[in-house]
Amino acid sequence: MQRKPWPSLEEWVESEQSLQQKITELYESDLSPEEQAREALSYLVDRYQLPLTPLDIEDREWEDAGDSWYQPVSMFELIAQLKFVEPKNNDPRYLVLQSAYLIKHKLIIDLSQELGNFLDGDDLQGLGYRGQDIFEAELIPIKTGESWTDKGCTYFIKEQLR
């Protein structure tokens with residue numbers, strides 16, 4: 001596989017003039033951080049045709065992303081994953097922008113260390129997601145034999161490691 005040089009989040013924002021303008025406009029507005037994040041989410045999903053929820057993804061097959069493998073994921077899932085690996089970094093604006101960046105560049109979050117804190121690798125059945133609102137999205141590791149619906153999850157994906 002050929003290695004792709006990915007821009008940093010900051011480089012990506014700076015290279016997209018309309019994105020940079022929108023972010024500046026939102027950050028300078030009188031809107032609360034959550035309202036800014038909601039507007040940014042709407043803008044990013046529309047502008048870059050990003051899947052908002054797991055139901056917006058038609059094909060979950062692994063894709064060759066140049067120097068790695070990528071499995072399509074939604075903004076809802078990535079926000080939950082970011083909150084899982086960085087529980088103290090919960091600024092909704094960061095969560096939205098970082099998630100959009102990861103999807104746009106077909107990058108994944110390595111959850112292995114955090115999942116290892118909860119269970120042994122062989123015990124993982126998959127990943128459950130719960131939350132009625134995208135900013136309440138929560139990732140729940142589901143052990144073999146557990147029911148994801150009993151844990152209040154509305155979406156489940158069987159763990160497939162590459």
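Calculation notes
Residues numbered from 1 in each chain as written. Predicted model: local features only at pLDDT ≥ 70, side-chain atom pairs only at ≥ 80, totals over all residues. Heavy atoms only, no water. Helix = DSSP H or I, 4+ residues; strand = E, 2+ residues; numbered from the N terminus. Expected span 1.5 Å × (residues − 1). Buried < 20%, exposed > 50% of the residue type's maximum accessible area, 1.4 Å probe, protein only. Contact = heavy atoms within 4.5 Å. Polar contact = N/O pair within 3.5 Å; in protein donor to acceptor, adjacent residues only side chain to side chain. Arc of directions from axis to C-beta.

**A closer look at helix H3 (residues 33-48)**
The α-helix advances 3.6 residues per turn, and as a result positions three or four apart in sequence lie on the same side.
Part 1 of the argument: Over its 16 residues, H3 extends 22 Å from the first C-alpha to the last, a length consistent with the 22 Å expected when each residue adds 1.5 Å.
Part 2 of the argument: Of all the positions in H3, only Gln36, Ala37, Ala40, Leu41, Tyr43, Leu44, Val45 and Tyr48 are classed as buried.
Part 3 of the argument: The inward-facing, buried residues of H3 abut helix H1 (9-15), helix H2 (17-27), helix H4 (75-85) and helix H5 (92-104).
Part 4 of the argument: Downstream of H3 by a residue or two, Gln49 has a phi angle that is positive, lying close to 55°.

**Describing the environment of Arg47**
Part 1 of the argument: Structurally, Arg47 is set in helix H3.
Part 2 of the argument: Judged by relative accessible area, Arg47 falls into the partly exposed class, the value being 42%.
Part 3 of the argument: Sequence separation between Arg47 and Leu19 is 28 residues; the distance between their C-alpha atoms is 9.0 Å.
Part 4 of the argument: Not counting chain neighbours up to four residues away, the residues in contact with Arg47 comprise Glu16 and Ser18.
Part 5 of the argument: Among the polar contacts made by the side chain of Arg47, one reaches the side chain of Glu16 at a distance of 3.5 Å.
Part 6 of the argument: A polar atom in the side chain of Arg47 sits 3.1 Å from the side chain of Ser18.

**Notes on H2**
Part 1 of the argument: Inspection of H2 places Leu19, Lys22, Ile23 and Leu26 among the buried residues, and these make up the whole buried set. One face of H2 carries all of its buried residues, which in axial projection span an arc of 95°. Across from the buried face of H2, at angles greater than 90 degrees, the exposed residues are Gln17 and Gln21.
Part 2 of the argument: Looking at the packing, one finds that the buried side of H2 touches H1, H3 and H5.

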